[in-house]
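These are the residues of each chain, in order.
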Amino acid sequence: MSRHNMPPAPTSGAWREGDPVAFRKFANLGAQRLENGAILPSVTLAYETWGELDEASSNAVLILHALTGDAHVCGEAAPGQPTPGWWEQIVGPGRIIDTDRYFVVAANVLGGCQGSTGPASLAPDGAPWGSHFPVISTRDQVYAESRLADLLGIDEWNIVVGTSLGGHRAVEWAVSYPERVRRLVVVASGAQTTADQAAWTHTQIRAIQLDPSWRGGDYYAGPGPTAGLALARQIAHTTYRSPSELDERFGRIPQNDEDPLHGGRLAVESYLDYHGEKIVRRFDAGSYVTLCRTMLSHDVGRDRGGIAEALKAVTARTLVVAVDSDRLFFPEQVWQMAAGISGAFYREIHSDHGHDGFLIEHDQLTALLDEFLNERIPSRASSFA
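Residues numbered from 1 in each chain as written. Predicted model: local features only at pLDDT ≥ 70, side-chain atom pairs only at ≥ 80, totals over all residues. Heavy atoms only, no water.

Here we look at the packing of helix α3 (residues 195-209) against helix α4 (residues 226-240)
So, step 1. Where α3 meets α4, the axes come as close as 7 Å, and the angle between the chain directions of the two elements is 160 degrees. The pairing of α3 with α4 is recorded here as roughly antiparallel in orientation. For the pair α3 and α4, the crossing hand works out as right-handed. Listed contacts from α4 to Trp 200, Thr 203, Gln 204, Ala 207 and Ile 208 of α3 are Gly 228, Leu 229, Leu 231, Ala 232, Ile 235, Ala 236 and Thr 239.
So, step 2. Looking at side-chain class alone, the contact of α3 with α4 contains 8 nonpolar, 4 polar and no charged residues. (Axes fitted to C-alpha atoms, helices over the stretch in contact; angles between N-to-C directions. Helix = DSSP H or I, 4+ residues; strand = E, 2+ residues; numbered from the N terminus. Parallel < 35°, antiparallel > 145°, perpendicular 65-115°, else oblique. Left-handed = near helix turned anticlockwise from the far one by under 90°. Contact = heavy atoms within 4.5 Å. Nonpolar A, V, L, I, M, F, W, Y, C, P; charged D, E, K, R; others polar.)

Below, the structure is given as C-alpha cells:
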C-alpha cells in the first residue's frame, strides 16, 4: 500500500479498555507515590507470561522492553495485538531463554500505551490523563514492576534482561533491589543518560509538541499529533541504524521514479517515512513523550553518591553487551557501566546495523547469552572482577 492510499492514522495507537485483550493479563497495583512526590491514584500493568513458575519460584525471568516495545515478546499477532513478538528468536520454546525451562514475564512499562497506565489511560474523572499525566522516572517504573513481582509471588528473578530503554530499568532493578536479581543482562544501554542522548530525546519531544494537534497533550477527542509522532520516530530511527548501513542500503538512490530535483524523495527518505507511518498506528504520542522524559531523567547514581557508588550495590552475576556500531549507546559508555559492576562480563555484538543490532543479530546474541547463562565464559580478561 503506498503512502497515498493508506487509511487515515488513528488519533492514538494506544490499546484502550474495550479493545480485544489478546494475550494480556492485568495487574491492578493500587496507588503509587512517584519519585518526584506526585501520586498516581491507580496503577495497572499489562503483562504476559510464558512457561510455568516452579515450586521454589526460582526460574522466573523478567524481560524489559525498549521505548516503543511492549509486553508481547514472543507469539503471533492477534486482534488487539497488531504485531508479532519482538524477540521471538531469543525467547520461546527451545530458544536460549527457553520458556519450557523458565517462567518468563514481560510487562508493558508504566507510562506505556499497550494496557499499562499511561497518558491515554482513563484518569479518575473518566477522561484520558493527557496533559495531567505526571512525570515518571525509571525508578517509578521499576517500583511498579517490583509490585507486579510481589503479586506473582516472585521474591527473586533468576534473570533480569533489559534492552535499550529496558536496559535502564534492568540496571535500576539490580541497584534498587540487589537481593531480588540473581543474574543481570543489560544490552545496548547505560547507567545514565548522556548529554548526546538527551539532545536526541529532546528533539523527538519537540517534534511532537510542535504538532498543532498536540494541544498540550489533550488531543484524545480529536485528531492526534500523528505528524509530530511520525517525525519523532524518524529522528529516533536515524540513531538506531548506522551511517554505513544507510549508505550501503540507500546511497543516493531516488525512491522509484521520484526525482529529488523536482521535489521527489530519496530512497532513504521513503524508508524513514515508512517507519513514521508505522509508529502512528501502534503507539501513542503522549506515551512517547512520557517515556522520552523518563530517559531524560535516567541516572542510577541520583541521590546515591554518583554512578560508581550506585553500581557497587549490584550483586547479580552480570553480562553487559554493546553493539560495536551503536551511535546511540556508544560502546565506550556501555563498557564504563560494565567496569563499574563487580565481576561483570562485557561483550560486543559486531553489526553493521547500529543500535538495532540487538534485534537483528540473533545468532551472536544467542551465543553470548549461552556463554553467560550456561557459564561457558572462560577465565580471562573479559570481566571486571
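So, the side chain of His 168
So, step 1. By the element assignment, His 168 lies in helix α2 (residues 165-176).
So, step 2. Assessed through its relative accessible area of 1%, His 168 is described here as buried.
So, step 3. Setting aside residues up to four positions removed in sequence, His 168 forms contacts with Thr 138, Ser 189, Gly 190, Thr 193, Met 295, His 298 and Phe 329. (Buried < 20%, exposed > 50% of the residue type's maximum accessible area, 1.4 Å probe, protein only.)

Some details on the sheet that holds strand β2 (residues 39-50)
So, step 1. Strand order in the open sheet made by the 8 strands is β1-β2-β6-β3-β7-β8-β9-β10, with mixed pairing throughout. A strand with exactly one partner marks an edge of an open sheet, and here the two such strands are β1 (25-33) and β10 (345-349). With strand direction ignored, the average angle separating the axes of adjacent strands in the sheet is 20 degrees.
So, step 2. Each of β8 (183-187), β9 (317-323) and β10 is contacted by helix α9 (residues 331-339), which is oriented at about 170 degrees to β9, the strand it contacts most.
So, step 3. Relative to the sheet, helix α11 (residues 362-373) contacts β7 (159-163), β8, β9 and β10, its axis offset from that of β10 by approximately 165 degrees. (Pairing = 2+ DSSP bridges.)

So, α4
Working note: α-helix, 3.6 residues per turn, so residues spaced by three or four point in the same direction.
So, step 1. Taking 1.5 Å of rise per residue, the 15 residues of α4 would be expected to cover 21 Å, and the 21 Å separating its terminal C-alpha atoms lies within 8% of that figure.
So, step 2. Across the 15 residues that make up α4, a large majority, 11, are buried.
So, step 3. Buried within α4 are the following residues: Gly 228, Leu 229, Ala 230, Ala 232, Arg 233, Gln 234, Ile 235, Ala 236, His 237, Thr 239 and Tyr 240.
So, step 4. Its buried side turned inward, α4 meets α3, α6 (267-279) and α7 (285-297). (Expected span 1.5 Å × (residues − 1).)

Some remarks on the pattern of salt bridges
So, step 1. A full pass over the atoms with the stated rule returns 15 salt bridges.
So, step 2. With a closest N to O distance of 3.4 Å, Arg 139 and Glu 35 form a salt bridge. Within this pair, whereas Arg 139 is found in helix α1 (residues 138-152), its partner Glu 35 is found in the loop between β1 and β2, the two being separated by 104 residues in sequence.
So, step 3. Since its relative accessible area comes to 33%, Glu 35 is described here as partly exposed. (Salt bridge = Lys/Arg side-chain N within 4 Å of Asp/Glu carboxyl O.)

Some remarks on the state of the cysteines
So, step 1. Per the counting criterion, the structure on display carries 0 disulfides.
So, step 2. Free cysteine Cys 74: the closest other cysteine sulfur is in Cys 113, separated by 20 Å.
So, step 3. Look at Cys 74 and you get buried, because its relative accessible area is 7%.
So, step 4. A disulfide-free cysteine, Cys 292 has its sulfur positioned 12 Å from the sulfur of Cys 113, the nearest such atom.
So, step 5. Overall, the relative accessible area of 2% leaves Cys 292 in the buried class. (Disulfide = S-S within 2.5 Å.)

Remarks on the UniProt feature "binding site: substrate" (unreviewed entry) in the chain
So, step 1. Summarizing the sequence annotation, UniProt attributes the feature "binding site: substrate" (unreviewed entry) to Arg 233 and Asp 356 in the numbering used throughout. Despite a sequence span of 124 residues, these residues sit close together in the fold, their greatest C-alpha distance being 13.8 Å.
So, step 2. By the secondary structure assignment, Arg 233 is in helix α4.
So, step 3. Arg 233 sits in the buried class, given a relative accessible area of 11%.
So, step 4. Setting aside residues no more than four positions away along its own chain, Arg 233 makes contact with Thr 68, Tyr 240, His 275, Gly 276, Ile 279, Arg 282 and Tyr 288.
So, step 5. At 3.2 Å, the side chain of Arg 233 and the side chain of Thr 68 are in polar contact.
So, step 6. Its location among the elements puts Asp 356 in the loop between β10 and α10 (357-360).
So, step 7. Not counting the four nearest positions on each side in its chain, Asp 356 is found in contact with His 237, Tyr 240 and Arg 241. (UniProt positions renumbered as here; feature names shortened; annotations may be inferred. Polar contact = N/O pair within 3.5 Å; in protein donor to acceptor, adjacent residues only side chain to side chain.)

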